[in-house]
Amino acid sequence: MTTLFSSYPLGGLTLPNRVVMAPMTRVRAAAGGLATPSMAAYYAQRATAGLIVSEGVQPSAIGQSNPGTPGLHTDEQVAAWRPVTSAVHTNGGRIFAQIMHGGRVSHPDTTGMRPVGPSAVAATGDVFTPSGPQPAPTPRALDTAEVPEHARSYARAARHAVEAGFDGVELHGANGYLISQFLSSNANLRTDRYGGPVANRIRFAVEAAAATVDAVGGARTGIRLSPGGEFWGVRESEVRELYTALLAELAPLGLAYVHLEATADEDVLLTLRRAWPGTLVVNPVVPMGPKQTGRDDADHWLWLGADLISFGRAFISNPDLVERLRAGLPIAPVDEATYYQGGDAGYLTYPAHPYAA
């Protein structure tokens, strides 16, 4: 009988359990987008997860969304990540890098450049900048000839990730960032081959995934999606048709997995489970909601056909989350004030449960 603690083959890896640490921005990188010793300790503490997916890592300077986030587009960044991946592997873990291009969710004060997007439509809300939250600026709409270069930026970052010792990469196609913006029907107002009907709106996501597979192989490539999600003001028309079409185009690429957030009705997600022939990771709880994923949520989605279950905030405050779930121990609450404040407090200071095996 399959349980959360059954092993699972993923590409060339064998996961000892079906618990995935979801990607979560923690803005602890050093100047220049460099990973740090504290980041190595943070991920190594959580190496009992079947798979760790790192925080979002920008694939280019213009792809950076938030200040204090790490990159994978310079040799110095690659070198800085090696102690992180080594620490995870030394502790017996496996780690993918999440490649995240912010697109319009950025600010010139963060990158020194005007953000880009599918169309000149600003995101909803304030974005983080070095001087604090500021209204999201109107991005510059990418010319048709520029779009493939941004798709290829995911592949270049994936090569750097493998050089840095990551076991693979996850393309961030969710939560209102660049891939999600192209999928959107209100952030993407293009009239060229990247906009309009479903077949055009999925094109950027497919090109980014195909380029990444060409660079590092399908077994090392996953993608995260948030069907129907409304992060940063994105809207999607024809959600079921949009994502069914996207999965049909992705299936021949032989991806390691698709990672779905539970941002659509359960019947839509079940349609996508049936449409996807490969490994499915489900994140049962909407990232911006108040609830943390628990054992009941995980068991529910395993019963519905998910292969792996990702946990987000619970991993922040419970470095030994797998052991707590296995033993039925309490899940410690997280201090939201320390999500993005920097430093080791609320980062490396959550203790393991004394009775966790």
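Everything that follows concerns the structure shown earlier in this document.
Counting restarts for each chain, with residues numbered from 1 along the sequence as it is written. Residues qualify for local features only when their pLDDT is at least 70, as the model is predicted, and side-chain atom pairs are given and counted only at 80 or more; totals for whole chains, interfaces and linings, by contrast, use all residues. The basis for the side-chain values is all heavy atoms of the structure; hydrogens and waters are excluded.

**What to know about the packing of helix α4 (residues 147-163) against helix α7 (residues 203-216)**
Logical step 1: The geometry of α4 relative to α7 is characterised by a closest axis approach of 8 Å and an angle of 35 degrees between their N-to-C directions. As for the relative orientation of α4 and α7, their crossing is right-handed in sense. Of the residues in α7, those in contact with V147, P148, H150, A151, R152, Y154, A155, A158, R159 and V162 of α4 are F204, E207, A208, A211, T212, A215 and V216.
Logical step 2: Lys, Arg, Asp and Glu make up the charged group, whereas Ala, Val, Leu, Ile, Met, Phe, Trp, Tyr, Cys and Pro make up the nonpolar group; the residues left over, Gly among them, are polar. For the contact of α4 with α7, the class distribution of residues is 12 nonpolar, two polar and three charged. A fitted line through C-alpha atoms serves as each axis, taken over the contacting stretch for helices, and the angle formed by two N-to-C directions is quoted from 0 to 180°. Starting at the N terminus, helices and strands are each numbered in turn, a helix being any DSSP run of H or I of at least four residues and a strand any DSSP run of E of at least two. Two helices cross in a left-handed way if the nearer one is turned anticlockwise from the farther one by less than a right angle. They cross in a right-handed way if the turn is clockwise. The contact definition used throughout considers only heavy atoms, calling two residues in contact when any of these lie within 4.5 Å.

**Examining the pattern of salt bridges**
Working definition: two side chains of opposite charge can pair if their charged atoms are close together.
Logical step 1: One side-chain nitrogen of Lys or Arg within 4 Å of one carboxyl oxygen of Asp or Glu is enough to make a salt bridge. The final tally for this structure, using the stated rule, is 12 salt bridges.
Logical step 2: R235 is the partner of E230 in a salt bridge, and the nearest nitrogen-oxygen pair spans 3.8 Å.
Logical step 3: The closest approach of N and O atoms between D267 and R240, which form a salt bridge, is 2.9 Å. Remark: R240 occurs in helix α8 (residues 239-250) and D267 occurs in helix α9 (residues 266-275); sequence separation between them is 27 residues.
Logical step 4: When a residue's accessible area, from a 1.4 Å probe over protein chains only, is under 20% of the maximum for its type it is buried; when over 50% it is exposed; and in between it is partly exposed. A residue is classified by how much of its surface remains accessible, and D267, at 41% relative accessible area, is partly exposed.
Logical step 5: Through salt bridges with shared partners, a single network forms among E149, R152 and R156.

**Describing empty space enclosed by the protein**
Logical step 1: Within this scheme a cavity is a closed region of a 1 Å grid, computed over the protein atoms alone, that accommodates a 1.4 Å probe without allowing it to escape, whereas a pocket is open but has protein on both sides within 12 Å along at least five of seven lines; lining residues each have an atom within 4 Å of a point. Grid points are joined across faces, edges and corners, and a volume is the space filled by probe spheres set on the points. A complete count under the given rule lists one cavity of 30 Å³ or more for this structure.
Logical step 2: Its boundaries defined by the atoms lining it, the largest cavity holds a volume of some 50 Å³.
Logical step 3: Tallied by class, the residues present in the lining of the largest cavity amount to two nonpolar, eight polar and no charged.

**Here we look at the sheet that holds strand β10 (residues 168-173)**
Logical step 1: Paired strands are those between which DSSP finds at least two bridges. Judged by pairing direction, the barrel is parallel, and its eight strands sit side by side in the order β3-β4-β5-β10-β11-β12-β13-β14 before closing back on the first. On average, each strand axis in the sheet is tilted by 25 degrees relative to the strand beside it, whichever way the strands run.
Logical step 2: In this sheet, strand β13 (residues 280-283) lies alongside strand β12 (residues 257-261) in parallel orientation, the contact comprising four bridges. Its bridge partner lying in β13, L260 is registered against V282.

**Remarks on the environment of L260**
Logical step 1: Summarising the element assignment, L260 is placed in strand β12.
Logical step 2: Given the relative accessible area of 2%, L260 is considered buried.
Logical step 3: For the pair formed by L260 and V322, sequence separation is 62 residues and the distance between their alpha carbons is 21 Å.
Logical step 4: Sequence-distant contacts of L260, defined by excluding residues within four places in its chain, comprise L225, P227, L269, L272, L280, V281, V282 and N283.

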